[in-house]
Structures are given as structure tokens and as C-alpha cells.
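Next come the chains, spelled out residue by residue.
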Amino acid sequence: MEQRTGPRSDVRQAVEYDLVELVRLRTLLFEHLGGDFFDPAAADDGWLDALAVVLKEQLTADGVRILVVDGADGGLAACGIGTIEQRLPGPHLHNGRIGQVIGVITDPAHRRRGHSRAIMRGLLDWFRDREVARVDLYASAQGAPLYRELGFTPHPDPALYRRP
């Protein structure tokens, strides 16, 4: 469980000035997930340029919210991204609106201060305000206790993926 040992986490929406730091934190995320599937060193660096372009576009997109916490060193201490997708309504998804939490990450030098919790609460408020019927996320072993505390449970749908 994440405990607050430092100053209060002031969450704000990311702006274009934050792009370099957002790319840095996303790289840290993949480095900490481990395994060949996520290993950024196994890929060419072209993905970093593509990431910066997409993040810049998404900073002002209606269906995306990028939240950050500033670090005392002038960089970002943490970030988290939420997206909303409109799917077809169904019996367990009456309005078809699904939220996805993407890559909540705290810089190792700023951990255990409540930053991830504050970002998650901000994202969950944003999803609620937009009447999202369900919020999905993938949890690391480190993050899973926080997400469970916030009400997340294992997803009943089996997941498969394919790379074209």
C-alpha cells in the first residue's frame, strides 16, 4: 500500500511543456514492467518520437486525460493517462462507454508519497463525470494493491492479443 510520507500530491492536467518528461516517465514504465514483451531496449528508438507526437495530440483530445504531479526537482514526479472509448451498449455496459487507465507511473525518487493514488482519484473522478460505465486497467504487481483498494477487481473476460 502506498503511504504518504511527503508533501501533498497536487495533480494537474499535463500541458505541452510536459512532453519531454512524459516521454521519460513512459520509458521508465516499460523498463519496470520487465520481460521481452515490454523491453524498450529491444526496440529501435523510433517509438519515442512516435510517442511524443501522439502525446502532443492527446493533450487536448476530448476522450483523453493526462494527469501529472510535479516533482521538487523541476521534472515530473508521476503521470497517468485515461482514455474513453465508445463501444456498443450491452447488458453489462448500458451506455457503451469504457474508460482505460494507461500507464500510471511514479519516478522511483518520488515513490511512497501518494502520487499514484492522487492521479488515480483524479482519473476516476473524470471517468465518473463523463458517465463511463466501466474502467479497465492492467496492473503491475506493485500497483495491484492500490487498484484493488480503489475498487478494481479481476476482469471476467479472457483477453487475447495479436500483432498484425
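Everything below is about the structure printed above this text.
Residues numbered from 1 in each chain as written. Predicted model: local features only at pLDDT ≥ 70, side-chain atom pairs only at ≥ 80, totals over all residues. Heavy atoms only, no water.

**Student:** How should helix 4 (residues 115–129) be read in this particular structure?
**Tutor:** Residue pairs spaced three or four apart in an α-helix point in one direction, given the helix's 3.6 residues per turn. Under the 1.5 Å per step criterion, the end-to-end length of helix 4 is 21 Å for 15 residues, consistent within 8% with the ideal 21 Å. When helix 4 is considered as a whole, its buried residues turn out to be His115, Ser116, Arg117, Ala118, Ile119, Met120, Leu123, Trp126 and Phe127. Directly after helix 4, the chain includes Glu131, whose backbone phi takes a positive value near 55°. (Helix = DSSP H or I, 4+ residues; strand = E, 2+ residues; numbered from the N terminus. Expected span 1.5 Å × (residues − 1). Buried < 20%, exposed > 50% of the residue type's maximum accessible area, 1.4 Å probe, protein only.)

**Student:** What is the right way to read the pairing of strand 5 (residues 134–137) from this model?
**Tutor:** Along any regular strand the residues' side chains alternate between the sheet's two faces. In terms of strand pairing, strand 4 (residues 97–106) meets strand 5 through four bridges, oriented parallel. By the bridge assignment, Gly99 is partnered in strand 5 with Val135. Taking the sense of rotation as the criterion, the β-α-β connection linking strand 4, helix 4 and strand 5 turns out right-handed. (Pairing = 2+ DSSP bridges. Right-handed = clockwise from strand over helix to strand, strands pointing away.)

**Student:** Would you mind going over the nonpolar core with me for this structure?
**Tutor:** What tends to happen in soluble globular proteins is that the nonpolar side chains get buried as a cluster. Counting 18 residues, the largest nonpolar core has Val101, Met120, Leu123, Phe127 and Tyr147 as the members making the most contacts within it. Ranked by residues supplied to this core, first place goes to helix 4 with five residues. Not counting residues within four places of it along the chain, the set of residues in contact with Met120 comprises Val101, Val104, Leu137, Leu146, Tyr147, Leu150 and Phe152. Core analysis: the second largest hydrophobic core is formed by 17 residues, Val23, Leu25, Leu59 and Val68 among them. (Core = buried A, V, L, I, M, F, W, Y, C linked by side-chain atoms within 4.5 Å. Contact = heavy atoms within 4.5 Å.)

**Student:** Would you take a moment to explain unusual backbone geometry for this structure?
**Tutor:** Most peptide bonds adopt trans geometry, and most residues besides glycine take a negative phi value. We note that Arg112 has phi near 70°; this positive angle belongs to a residue other than glycine. With respect to the helices and strands, Arg112 occurs in the loop between strand 4 and helix 4. Residue classification places Arg112 among the partly exposed positions, given a relative accessible area of 41%. The residue Glu131 is not glycine, and still its phi comes out positive at about 55°. Of note, Glu131 is situated in the loop between helix 4 and strand 5. According to the relative accessible area criterion, Glu131 is exposed, its value standing at 59%.

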